[in-house]
Amino acid sequence: MTGSAQTSPVIEKLTFPAETLEDDRPWKVVVWNDPINLMSYVTWVLQRLFGYSLEKANMLMMEVHTKGKAVVASGDREKVEMDAYRLHEYGLWATIEQD
Amino acid sequence: MSSREIKRIGEDSFRLDLHPQVRQLLRDLKEMTLSHVEDNSPVARRLFPIAYQNSPEMEMDFQQLTREPLTNHHRHNLTIFERTLSKSELNQHEALAWMSALNDMRLILGTALDLSEDQVNPAEDDPNYEGYVVYNLLTYLQGVLIEEVQNDASDL
């Protein structure tokens, strides 16, 4: 057999299993705006959970408040599930998405 | 002299200065909140958000993994809250349990009132007027607690 090591990059891409490609996409945690959680509370939780500076936590909180949502963390699926769970412990409306 | 209901007085201590009627109200609210959590009531849905909006299968796995520990977490903090309701001082750990308990109460009451951001000052003839008054009290107490928890003890 010859040529097995010379597969065209295009063909290689086309034959790559779609599921594996999906798994490679980064996961992210999204916090959504809600009418109940206080703005100061959201900032405090983001600082406490992720160690963000007051400036960064405040910026993310304002993004949630004005745009309706913000990506507050990302990483592999296991990490973002733990992040979302901890946000749920604090009562924040957090969801998990993939790019 | 400060008249704040919750005031940081040390690195690991907060003074609690609440009227007995407020303490009783909070005790009743704790009972109501815990029963909604235990009974998986629809008004407790904000305490158990959907994580995977686009994948029922992944959401089911996530719920199976997290539902019980999340329920235990809320129950644990509500229990500490009730146990410390008659105290005049809280330590940091207890203050954080209060933060969780007050937020749980607001999430459940706010959901029951179907609250939106422009509904914080209802008319006195509103059938839910008392509920809004209680909700505003919880909001005030949580706001004070957030400020005091964030207060640097070295500034005292």
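Residues numbered from 1 in each chain as written. Chains lettered and ligands numbered in written order. Predicted model: local features only at pLDDT ≥ 70, side-chain atom pairs only at ≥ 80, totals over all residues. Heavy atoms only, no water.

## Focus: the overall build of chain B
Point 1. A count of helical and extended segments in chain B gives four helices and three strands.
Point 2. What you see in chain B, going N to C, is helices and strands ordered as β-β-α-α-β-α-α.
Point 3. The buried share of chain B, reckoned over its 156 residues, is 47%.
Point 4. In chain B, the share of contacts with a sequence separation of at least 24, taken over all contacts with a separation of at least 6, comes to 66%. (Helix = DSSP H or I, 4+ residues; strand = E, 2+ residues; numbered from the N terminus. Buried < 20%, exposed > 50% of the residue type's maximum accessible area, 1.4 Å probe, protein only. Contact = heavy atoms within 4.5 Å.)

## Points about the confidence of the model for chain B
Point 1. In the predicted model, chain B carries a mean pLDDT of 93, and 94% of its residues have values of at least 70.
Point 2. Looking across chain B, the model is least confident in helix 4 (residues 129-150) of chain B, with a mean pLDDT of 95, and most confident in strand 3 (residues 89-90) of chain B, with 98. (pLDDT = per-residue confidence, 0-100.)

## Examining the side chain of Thr95 of chain A
Point 1. Tracing the sequence through the fold places Thr95 of chain A in strand 3 (residues 94-98).
Point 2. Looking at Thr95 of chain A, its side chain comes within polar contact range of the side chain of Trp32 of chain A, at 2.8 Å. (Polar contact = N/O pair within 3.5 Å; in protein donor to acceptor, adjacent residues only side chain to side chain.)

## Some words on the packing of helix 3 (residues 39-50) of chain A against helix 5 (residues 77-89) of chain A
Residue and element names in this part refer to chain A.
Point 1. Two elements in contact, helix 3 and helix 5, have axes whose closest approach is 11 Å; the angle formed by their N-to-C orientations is 140°. With respect to helix 5, the axis of helix 3 lies oblique. Helix-helix and strand crossings are classified by hand; for helix 3 and helix 5 the assignment is right-handed. Contacts between helix 3 and helix 5 involve Val45, Leu46, Leu49 and Phe50 from the former and Asp83, Arg86 and Leu87 from the latter.
Point 2. The residue makeup of the contact of helix 3 with helix 5, split by class, is five nonpolar, no polar and two charged. (Axes fitted to C-alpha atoms, helices over the stretch in contact; angles between N-to-C directions. Parallel < 35°, antiparallel > 145°, perpendicular 65-115°, else oblique. Left-handed = near helix turned anticlockwise from the far one by under 90°. Nonpolar A, V, L, I, M, F, W, Y, C, P; charged D, E, K, R; others polar.)

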